[in-house]
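Chain by chain, the residues:
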Amino acid sequence: LPKAWNVTVVLFVFFYIFAILAVALFGSLRTPETGTLRTYANFTNFFNALHTLFRLSTADDWTRLMYDATRAHDGCDAARGECGQPLNVLFFVAFMIVTVFVLLNLFVGVILDSFGQSQDLEAKALHLDAWRRFGELWSRYDVDATNFLPAADALRVLEELGPPLWLGRPQREARKRELILLLASG
């Protein structure tokens, strides 16, 4: 989880930087009400810029937003910075590459990595439960706590244990013979 927070903070920092740049570059941009840059999608202030950048990061109609920011509209004054310029494309492409293609994929990668780690921890917990069960079964047959069991009791423990540490049905007889020979030789 800390990795996800780190990536989230980095993602927010990039959104913050791009929002400030967008307000500086496109804050005075004049667009017609029929375009995609209008009341709720614009760069006139920081919060509207953040909202619009979030919309861009979802790739929702980002090419039309870019097109509206790069073309001159009727009635705009170039001296006051109200007209779009073709170089504005660089801002949108840079934003899409950095946030959508790099940072958001990094965020998804961290989530998948955390999921894999949780699966590993869960598997280890199951493994520990099997060892606890083994200890409980051993102590049932080793009442005096001598840490030694006769071969027959050791086989009963292994038969009662269950997966993953048990003697399976098909190989039980072969394993019993091998175990008896091993225990008898020791």
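Residues numbered from 1 in each chain as written. Predicted model: local features only at pLDDT ≥ 70, side-chain atom pairs only at ≥ 80, totals over all residues. Heavy atoms only, no water.

## Quick look at the overall build of the protein chain
Consideration 1: Helix and strand content of the protein chain: 6 helices and 0 strands.
Consideration 2: In the protein chain, the succession of α and β elements from N to C terminus is α-α-α-α-α-α.
Consideration 3: Of all 186 residues assigned to the protein chain, the portion counted as buried reaches 29%.
Consideration 4: Accessible surface, the protein chain: about 12,300 Å² in total, of which carbon and sulfur atoms supply 64%. (Helix = DSSP H or I, 4+ residues; strand = E, 2+ residues; numbered from the N terminus. Buried < 20%, exposed > 50% of the residue type's maximum accessible area, 1.4 Å probe, protein only. Areas by Shrake-Rupley, 256 points an atom, 1.4 Å probe, with all protein chains shown as cover.)

## Some thoughts on the pattern of salt bridges
Consideration 1: Per the stated rule, a full pass over the model turns up 2 salt bridges.
Consideration 2: Residues R64 and D61 are paired through a salt bridge, measuring 3.3 Å at the closest nitrogen-oxygen approach. (Salt bridge = Lys/Arg side-chain N within 4 Å of Asp/Glu carboxyl O.)

## So, the nonpolar core
Consideration 1: Judged by nonpolar contacts, the single largest core of 23 residues is most densely connected at F26, F43, L53, L56, F91, F92 and F95.
Consideration 2: Of all the elements in the fold, those that place two or more residues in this core are α1 (2-26), α2 (46-57), α3 (62-70) and α4 (89-141).
Consideration 3: With sequence-adjacent residues up to four places away left out, F92 is seen in contact with F26, F43, L56, W62, L65, M66 and A69. (Core = buried A, V, L, I, M, F, W, Y, C linked by side-chain atoms within 4.5 Å. Contact = heavy atoms within 4.5 Å.)

## As for a nonpolar patch on the surface
Consideration 1: Together, V9, F12, V13, Y16, I17, I20, L21 and L25 give the surface a local cluster of nonpolar side chains, amounting to about 710 Å² of exposed area.
Consideration 2: On the basis of relative accessible area, F12 is assigned to the partly exposed category, the value being 48%. (Patch = residues over 30% accessible without salt bridge, like charges linked within 9 Å, V, L, I, M, F, W, Y side chains within 5 Å.)

## Focus: the packing of aromatic side chains
Consideration 1: Per the stated rule, a full pass over the model turns up 12 aromatic pairs.
Consideration 2: Between F26 and F91 the ring centres are 5.2 Å apart and the planes differ by 75°, which places this aromatic pair in the edge-to-face class. You can see F26 sitting in helix α1 and its partner F91 sitting in helix α4, a full 65 residues away along the chain. Exposure class is identical for F26 and F91. Each is buried.
Consideration 3: Judged by centre distance (5.5 Å) and plane angle (80°), the ring pair of F46 and F47 falls under edge-to-face. (Phe/Tyr/Trp six-rings, centres within 6.5 Å; stacked < 30°, edge-to-face > 60°.)

## Here we look at unusual backbone geometry
Consideration 1: The phi torsion at A59 lies on the positive side, around 65°, for a residue other than glycine.
Consideration 2: Tracing the sequence through the fold places A59 in the loop between α2 and α3.
Consideration 3: Despite not being glycine, A145 has its phi angle at roughly 55°, a positive value.
Consideration 4: Under the relative-accessibility criterion, A145 is labelled exposed at 58%.

## Things to note about the environment of G27
Consideration 1: Residue placement: G27 occurs in the loop between α1 and α2.
Consideration 2: Along the backbone, G27 and A49 are 22 residues apart, and their C-alpha atoms lie at a distance of 8.8 Å.
Consideration 3: Sequence-distant contacts of G27, that is, excluding residues within four places in its chain, are made with A22, F43 and T44.

## Quick word on the environment of L53
Consideration 1: If you trace the backbone, L53 turns up in helix α2.
Consideration 2: A residue is classified by how much of its surface remains accessible, and L53, at 0% relative accessible area, is buried.
Consideration 3: Residues L53 and F95 lie 42 residues apart in sequence; the distance between their C-alpha atoms is 8.4 Å.
Consideration 4: If we skip the residues at most four places from it in the chain, L53 touches F15, F18, A19, F43, F91 and F95.

## Remarks on the environment of F91
Consideration 1: The buried category is assigned to F91, whose relative accessible area is 8%.
Consideration 2: Taking the C-alpha atoms as reference points, F91 and M66, 25 residues apart in sequence, are found 8.8 Å from one another.
Consideration 3: With residues up to four places along the chain from it excluded, the contact list for F91 reads F18, L21, A22, L25, F26 and L53.

## Side note on the confidence of the model for the protein chain
Consideration 1: Per-residue pLDDT for the protein chain averages 79, and the proportion of residues at 70 or more is 82%.
Consideration 2: For the protein chain, per-element mean pLDDT is lowest for helix α6 (residues 172-185), which scores 66, and highest for α2, which scores 91. (pLDDT = per-residue confidence, 0-100.)

## What about the packing of α1 against α2?
Consideration 1: The geometry of α1 relative to α2 is characterised by a closest axis approach of 9 Å and an angle of 115° between their N-to-C directions. The two elements α1 and α2 cross, and the hand of that crossing is right-handed. Between α1, through F15, Y16, F18, A19, I20, A22 and V23, and α2, the contact on the second element is made entirely by F46, A49, L50, L53, F54 and S57.
Consideration 2: Among the residues forming the contact of α1 with α2, the class breakdown is 12 nonpolar, 1 polar and no charged. (Axes fitted to C-alpha atoms, helices over the stretch in contact; angles between N-to-C directions. Left-handed = near helix turned anticlockwise from the far one by under 90°. Nonpolar A, V, L, I, M, F, W, Y, C, P; charged D, E, K, R; others polar.)

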